[in-house]
Amino acid sequence: PTVIAGLQRWGPGLYYNPSVSVPTTDGGSVKSKYGVISETALLRDLLHWDSLYIAGRLHKPCVIDHRSASEDLRSRIDAAVVANRRAALSAALLLEGGHTRDPKGEVSLLSLLTAAMSLSYGGDVRVGIAENPRKVSNIVLAQHRLLTGIYAPIAAELGVEIPPALPIPEGA
């Protein structure tokens, strides 16, 4: 714990393990990623995008295990995650609003989700070098139903109409 706490003082404040085997209820296991972060660093990045490191990861579908947290902390984290995602969708609307339009003159759900998911990769030097250059589109296409479930209610709150399902382009 002392070593991890020391590591968390650098960079975005997150100890991240990208390759963990997690047991499943059926006796198997699934390869997973997990991160350990202080509540202060988590809430700061979610609400202020200090590094956009954990905030960017939480733009995507994820499981937050805060079983050991108090009810107050759980509520604050959940509210911060929603605020973070609302900010991501708002940024995507600003970025895509004047650019990518469908034949009806509307911004497509695909372009909004792609813009929101790409926010945290914009300054990542690994993309195109050590990362798949299609990483963002792969995330959006593979998780479009989960992403739509996350972002459709937020879009409705913002007064933005989006189609109920994401049409996947052929060859994608």
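*Asks:* Would you mind showing me how to read the overall build of the protein here?
*Replies:* When you go through the protein residue by residue, the secondary structure sums to seven helices and two strands. Counted from the first residue to the last, the protein has its helices and strands arranged as α-β-β-α-α-α-α-α-α. Put simply, the protein has 172 residues, and 31% of those count as buried. Expressed as a percentage of contacts within the protein between residues at least 6 apart in sequence, the contacts between residues at least 24 apart total 53%. With an accessible surface of roughly 10700 Å², the protein has 57% of that area assigned to carbon and sulfur atoms.

*Asks:* Where do I start with the pattern of salt bridges in this structure?
*Replies:* Where charged atoms from two side chains of opposite charge approach closely, those side chains can pair. One pass over the full model with this rule turns up four salt bridges. A salt bridge links Asp 72 to Arg 76, with the shortest nitrogen-to-oxygen separation between them at 3.3 Å. Within this pair, Asp 72 and its partner Arg 76 are both found in helix α4 (residues 71–96), separated by four residues, close to a single helical turn. Through salt bridges that share partners, Glu 39, Asp 72 and Arg 76 make up one connected network.

Rules behind the numbers
Residues numbered from 1 in each chain as written. Predicted model: local features only at pLDDT ≥ 70, side-chain atom pairs only at ≥ 80, totals over all residues. Heavy atoms only, no water. Helix = DSSP H or I, 4+ residues; strand = E, 2+ residues; numbered from the N terminus. Buried < 20%, exposed > 50% of the residue type's maximum accessible area, 1.4 Å probe, protein only. Contact = heavy atoms within 4.5 Å. Areas by Shrake-Rupley, 256 points an atom, 1.4 Å probe, with all protein chains shown as cover. Salt bridge = Lys/Arg side-chain N within 4 Å of Asp/Glu carboxyl O.

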